[in-house]
Amino acid sequence: MTPGPARSLPPALRRLARRLAALPGSPAYAHAGAAAPACDAPHGAPRHASPGQPEARPGPALALPLTPARTLSPVLPVVAVVALLGLPLAPGGEGGAGPADALSALVVLFCAVRLLRRRRRAMSGTAALLLGMPVAGLALAAMGASSPGAGLTGLGRYLQIFVLVPAAVVLLVRDRADFRLLAWSFVGLAGWQGAVGVHQFVTATGASYQGETIRAVGTFGPQDVMGMATVVSFGLICAIGLALGRSRARQRAVAAGCALALLVPLALSFSRGAWIATALTCAVQLVLAGLRRALKIGAVALAVGVILVGGFGVGSAMLQERVSSITQVADAPDQSVTDRYTLWAAAIGMWRERPLTGVGLKGFPEHRDAHASLALSSGSDTDGAGSGFVRQPLLSPHNMYLLVLAEQGLIGLLALAGGWLALLALGLRGWSRVRRSGPGLDCALVACGLLVWQLTDFAYADIGGPSTVLTAVVFGLVAWWALAGGDGREEALAR
C-alpha cells in the first residue's frame, strides 16, 4: 500500500482503515495472529515510485463486513396458530379441539427438532421449574381418573395448554421484535373476530340472547360463546400495551385506534366476565404506564364510551341491563348465575371429599350430580349464528381454580397457581427495570396485562373450546417476558 493515497484521507478514516486491516481474515493481512507489517517506505519518502520498480497502483478498496440479513423468525408458526383461529367452525360442532390445536402440536414438534439440530441446552433451571411445575399434579390426577382414557385425554389437554405450547413459545421467541409480532397478530385476530361480531349484531345473525340473535360470537359460534370475547379482550390488551410503549408515534397511534375500535365488539359480546377482567386489566396497565397518562387516557375512554352508548345508543338498553346484572349476583341472580353458584358449591364438595389429589382428571361431570343441589338446571341453551337449538350440559364449574381444586386437589392447584404467581412476580420485576427509560415498556405492559386478564377471567371461566389454544400462547408470551425479556436478554432461553 503506497503512503500517498492514505495521507490524502482524514486522520480518523486512516485510523479506521488500519484497525479494519488488522482484523483476522482481512484481505490485507490474512496472517492469523500476526501483526500488520510495517510500512516499507519512510514517512518522509517521496510519493513517486523508486527507479527500477513498477509504479504501484491503488488496490481494491477494503471491503467492509456486511451485516447479515435477518432470517425468517422462528415464531412465525406460532403466528400461524393464531391466524387459524380466524377460520369459521363447522355449524353445530361440539366446540372442541380445532385446526389451531393440531398446528400447535406441530409447533411443539418443530421446536423440539430445532433444539436437537442446534444441540443446545433447552432452557435454564428456573424456566424448567416454573413451566414444569404442573406436571407432578397432573400426573397424580391422571392416575386418579375414573378411566385410563379420561386420564390420558385430560393429561394431554393440560400439558398442551400449560406446559408444552408455552415452553415452545418461550424457546421460539428470539427477541422483543418477535414478541411484538405475536402481539400484533393478537390485535389482527381480534379485529377480524370483532368485525364479524359487529356484523352479527347489526344483521341479527349472531347467537341467541334474550330471544334475539344479536350476541356477537365471531366465527366460534354459540358452542364457544366466550371465544370471541376472549380473543377481542386479548387483542385490546395487546393494543393498549403497544400504545402505551415508547415506540414510534405512528405505531402508538395505530395501536390506540385499534384499542378504541375493539371496545365495540367487546361490549356486544355481552360477556360480563370478560368486561370485568378487561376493565381491571386496562386499569392496571394504565397505572403501570404512569398515573398522569392513566388519568388522560381514562378520561378519553370514558368520553368515547359515553358517546357510543349515550349518543349513538349502541346497544344501550341491553348493555345497561347486562351491566346492572353484575351487581345483582347476590340479590336477584338470574339462572346462569344460580347455575354458576351451584357448580362452584359442587366443586368445593368434591375437593372436601379428596382434598389432596381431587377426583381425577375429567372427573367433574361424573361427580357433579352427587354434590350439586336441585337449583342446578339441566343445561345451557344455545342457538343462532348458523347453528340450531342445542342444549349443552354443564360439564365444568366455570371457574378454573375450582375446577383444578376439584379434579387435582391442593397439589395440582398449588402447582398451577404457584407457577402463575411466580410468572407475575417476575414479569413485574422486568417491568420495574424498563419503566423509566427501557425500550421494552410495551412488552412489559402486554405481558403483565395478559396475565392479569387471564388470572381474573379464570374466576369466571375455565379452559375449553377452540379458543383455548390462544390461552397457551398467552402463557408462552408471559413466560418469555418473565424469564428472558424482562432481564434484557434478546434471545430466548436456549443456550
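All of the points below concern the structure found in this document. Keep in mind that this is a model prediction, so the values were computed, not measured.

Attention shifts here to the packing of helix H3 (residues 76–84) against helix H7 (residues 176–203). Helices that pack against each other are described as a pair by the angle of their axes relative to one another and the distance between those axes. Between H3 and H7, the shortest axis-to-axis distance is 10 Å and the interhelical angle comes to 15°. Classed by the angle they form, the pair H3 and H7 counts as roughly parallel. For the crossing formed where H3 meets H7, the hand is right-handed. Each of Leu76, Val78, Val79 and Val82 in H3 lies in contact with H7, whose residues at this interface are Leu181, Leu182, Ser185, Phe186 and Leu189.

A word on the packing of aromatic side chains. Tallied over the entire structure, the rule returns twelve aromatic pairs. When the ring of phenylalanine 162 is compared with that of phenylalanine 475, the centres are 5.7 Å apart and the planes differ by 65°; the resulting orientation is edge-to-face. On the criterion of sequence distance, the pair formed by phenylalanine 162 in helix H6 (residues 148–172) and phenylalanine 475 in helix H17 (residues 468–483) is long-range, its members being 313 residues apart. Each member of the pair, phenylalanine 162 as well as phenylalanine 475, carries the same accessibility label: buried.

Evaluated as defined, the whole model comprises two cavities of 30 Å³ or more. Here the largest cavity defines a volume of roughly 100 Å³. If you go around the largest cavity, the residues you meet are Leu130, Leu131, Pro134, Phe162, Pro166, Ala415, Leu416, Gly419, Trp420, Leu423 and Phe475. Broken down by element, the residue count for the lining of the largest cavity peaks at five residues, all from helix H15 (residues 400–434). Looking at the lining of the largest cavity residue by residue, the class counts come to ten nonpolar, one polar and no charged. Of the volumes computed, that of the second largest cavity is approximately 30 Å³. What lines the second largest cavity is Val78, Val81, Ser104, Val107, Val165, Val169 and Val473. At the level of elements, H3, helix H4 (99–118) and H6 are the ones that each hand at least two residues to the lining of the second largest cavity. For the lining of the second largest cavity, the class distribution of residues is six nonpolar, one polar and no charged.

On to the nonpolar core. Tyr158, Phe162, Phe179, Phe186, Met400, Trp420 and Leu450 are the most contacted members of the largest nonpolar core, which has 118 residues in total. When sequence neighbours within four positions are dropped, the list of residues in contact with phenylalanine 162 reads Leu131, Met400, Leu416, Trp420, Phe458, Ile463 and Phe475.

With that settled, the discussion passes to the side chain of aspartate 442. Of note, aspartate 442 is situated in helix H16 (residues 441–457). On the basis of relative accessible area, aspartate 442 is assigned to the buried category, the value being 3%. With residues near it in sequence (within four places) discarded, aspartate 442 still touches Arg180, Gly241, Leu242 and Gly245.

Let us look at H15. End to end, H15 covers just 32 Å across 35 residues, shorter than the expected 51 Å (1.5 Å per residue, more than 12% under). For H15, the principal kink sits at glutamine 408 and spans about 130°. Two to three positions downstream of the cap, the backbone nitrogen of tyrosine 401 sits 3.0 Å from a side-chain oxygen, assigning the N-cap of H15 to asparagine 399.

Turning next to the pairing of strand E2 (residues 212–215). Looking down a regular strand, the side chains alternate between one sheet face and the other. Pairing of strand E1 (residues 207–209) with E2, which is carried by three bridges, proceeds in the antiparallel orientation. Each bridged residue has a counterpart across the sheet, and for alanine 207 the counterpart in E2 is arginine 215. The hairpin formed by E1 and E2 contains two residues between the paired strands, and glutamine 210 there has a positive phi angle of roughly 55°.

Rules used throughout
- Residues numbered from 1 in each chain as written.
- Predicted model: local features only at pLDDT ≥ 70, side-chain atom pairs only at ≥ 80, totals over all residues.
- Heavy atoms only, no water.
- Axes fitted to C-alpha atoms, helices over the stretch in contact; angles between N-to-C directions.
- Helix = DSSP H or I, 4+ residues; strand = E, 2+ residues; numbered from the N terminus.
- Parallel < 35°, antiparallel > 145°, perpendicular 65-115°, else oblique.
- Left-handed = near helix turned anticlockwise from the far one by under 90°.
- Contact = heavy atoms within 4.5 Å.
- Phe/Tyr/Trp six-rings, centres within 6.5 Å; stacked < 30°, edge-to-face > 60°.
- Buried < 20%, exposed > 50% of the residue type's maximum accessible area, 1.4 Å probe, protein only.
- 1 Å grid on protein atoms, 1.4 Å probe; cavity = no way out; pocket = protein on both sides within 12 Å on 5 of 7 lines; lining within 4 Å.
- Points joined across faces, edges and corners; volume = space filled by probe spheres on them.
- Nonpolar A, V, L, I, M, F, W, Y, C, P; charged D, E, K, R; others polar.
- Core = buried A, V, L, I, M, F, W, Y, C linked by side-chain atoms within 4.5 Å.
- Expected span 1.5 Å × (residues − 1).
- Bend = angle between axes of the 7 residues up to and from the residue.
- Polar contact = N/O pair within 3.5 Å; in protein donor to acceptor, adjacent residues only side chain to side chain.
- Pairing = 2+ DSSP bridges.

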